[in-house]
Amino acid sequence: MTTINKKLLQQAQPHLPLGVADTYRYWGEEETIFVKSMQGGFITDSDDRQYVDFRLAYGPIILGYRDNRVDQEVIKCITERGTISGFNSDLEAEVVRLIKGLCPNIEKVRFANSGTEAVIGAVRTARGFTGRNKVVVVEGGFHGLYDEMMWKSDVDNWNTEQQSAPEIIPFGAGIPENSREHIEIVPLNDFDALDEVFARAGDDIAAILIEPVMGNCGSISSTQKYMQKLHDVCSDNGSLLIMDEVKTGFRVAKGGVQELYGIKADLSTYAKAIGNGYPVAAFGGRADVMDMIKFGADGVTHGGTYTANMIGLSAAKATLEVLSETDALATVNKVGASIKEVLARVFARFDIEHKFAGPDSMFGVHFGEEIPQNYRDWKKTDSKLYTAFAHNLIENGVMLEPDSREPWFICEAHNTVDLEWLEVAATQSMQKALED
Ligand code: PMP
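Residues numbered from 1 in each chain as written. Predicted model: local features only at pLDDT ≥ 70, side-chain atom pairs only at ≥ 80, totals over all residues. Heavy atoms only, no water.

S.K.: I would appreciate a short explanation of the domain arrangement of the protein in the present structure.
M.R.: Partitioning the protein into structural domains gives domain 1 (33-62 + 327-435) and domain 2 (68-325). Listed by partner, the interface residues are 31 residues for domain 1 and 40 residues for domain 2. Of the roughly 2,900 Å² buried between domain 1 and domain 2 on both sides combined, carbon and sulfur atoms contribute 58%. Ranking the residues of domain 1 by area buried against domain 2 places L329, Y375 and R376 at the top, with a combined share of 26%. Between the two partners, domain 1 and domain 2, sit four salt bridges. A salt bridge links R69 to E412, with the shortest nitrogen-to-oxygen separation between them at 2.8 Å. Across the contact surface, domain 1 and domain 2 share 20 residue pairs in polar contact (both at pLDDT 80 or more). For the side of domain 1 that touches domain 2, the elements supplying multiple residues, two or more each, are α10 (328-349), β16 (362-366) and α11 (375-378). Along the lines of polarity and charge, the residues of the side of domain 1 that touches domain 2 split into 17 nonpolar, nine polar and five charged. (Domains from an automatic or database assignment. Contact = heavy atoms within 4.5 Å. Buried area = accessible area lost by both parts, 1.4 Å probe. Salt bridge = Lys/Arg side-chain N within 4 Å of Asp/Glu carboxyl O. Polar contact = N/O pair within 3.5 Å; in protein donor to acceptor, adjacent residues only side chain to side chain. Helix = DSSP H or I, 4+ residues; strand = E, 2+ residues; numbered from the N terminus. Nonpolar A, V, L, I, M, F, W, Y, C, P; charged D, E, K, R; others polar.)

Set out below in structure tokens:
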């Protein structure tokens, strides 16, 4: 029987490459999903199958889909005021005031429309401030789809017996070789690799750019000592520490990972949870660094037609107000912890060694004896079993990315999830994964 999902894919294929708007949304001819509607912690696909959604659009949904508190604010703004004018509005400083209330590390902010754009802005500002070129990034980190950040460690094809380090490869075609020129890639939590890079290239290192909790690598996290080391190396060397909080910001704690570690970045990037699903992002940090954004040959250029559009900013205002004034994040954490308990019971039932990584609001699940300390360690986990388990969960009405490099995302509305039902679904899914 042809499903409506399949029909929609076939109808789209003459018009969009692969029939989808984002390459990662193509899951195969039979498996690609077209969503009809979303509500709370659930999505319904075109074949009217409902899923509890732990993928949450890769993280933006922090309160729940179609949260009325946010949607009403946006509707009011666009019907009573408008969307963009090419001028300024009072919303900008108001949203910054809310950001600063939650993130004491932030002094000044500029807005963007996506995480990628926020990273581009932060990196350019860091280069402008330091007058240097190089950016140190971490294996397994992800910072958006722009050429410079589209180089990765090929851990998938890494032969651990024959190669000491995975090869660095571009994400695909169209990425010029020279876009890699100023990027240095080091393994997470490896002090020697960091020392080596700074000894070799320190005087041209503008910044270290890191997701302290790798939201694109199973929430594998920096140790406290490593974060301190990054902070100290940067200040000793006149480089800037940029924390990419696109996934962690306004999610793992009110003040993001910087609250968890108690370490301040010089610049931070935010997107996703800042707007509960509306397209809005930001970067900011030290006032002296951000003030490099100014006119003139020695100033950093930043802006854009849709920058600080009022759709995104009204959503950010409402979302940040809810996060500031309610215990939404406490609920997110509590629900995340309960879901981990359910999963732990299921894995124990089948004697599966497992470890969770990262905070309860976006945790990674790894089948192995130890929590991976970096991307290379992830290769030692049984990611095939995870993928089989995840595919069965999807069959059973639990949506998640079938790749253990993508964490489980929790939103406030997940507090309605029936945990007993989830435990049955997870038990059946694991049973089947082990049988196949
Ligand atoms: N940085 C991080 C840490 C991300 O997780 C992402 C997206 N997953 C980005 C940057 C890019 O964000 P966007 O997709 O909004 O451009």
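Continuing now.
S.K.: Would you take a moment to explain the sheet that holds strand β14 (residues 281-285) for this structure?
M.R.: In any sheet, the strands associate via hydrogen bonds between backbone groups, in a parallel or an antiparallel arrangement. The sheet built from seven strands is open, its strands ordered β4-β14-β13-β12-β9-β5-β8 with mixed pairing. Of all strands in the sheet, those bounded by a partner on one side alone are β4 (108-112) and β8 (183-186). Each adjacent strand pair in this sheet contributes to an overall mean axis angle of 20°, direction not counted. Here strand β5 (residues 134-138) pairs with strand β9 (residues 205-210) via three bridges, running parallel. Within the sheet, the bridge partner assigned to K134 lies in β9 and is I205. The sheet contacts of helix α6 (residues 224-237) involve β8, β9 and β12 (240-244), and relative to β9 the element is tilted by about 165°. (Pairing = 2+ DSSP bridges. Axes fitted to C-alpha atoms, helices over the stretch in contact; angles between N-to-C directions.)

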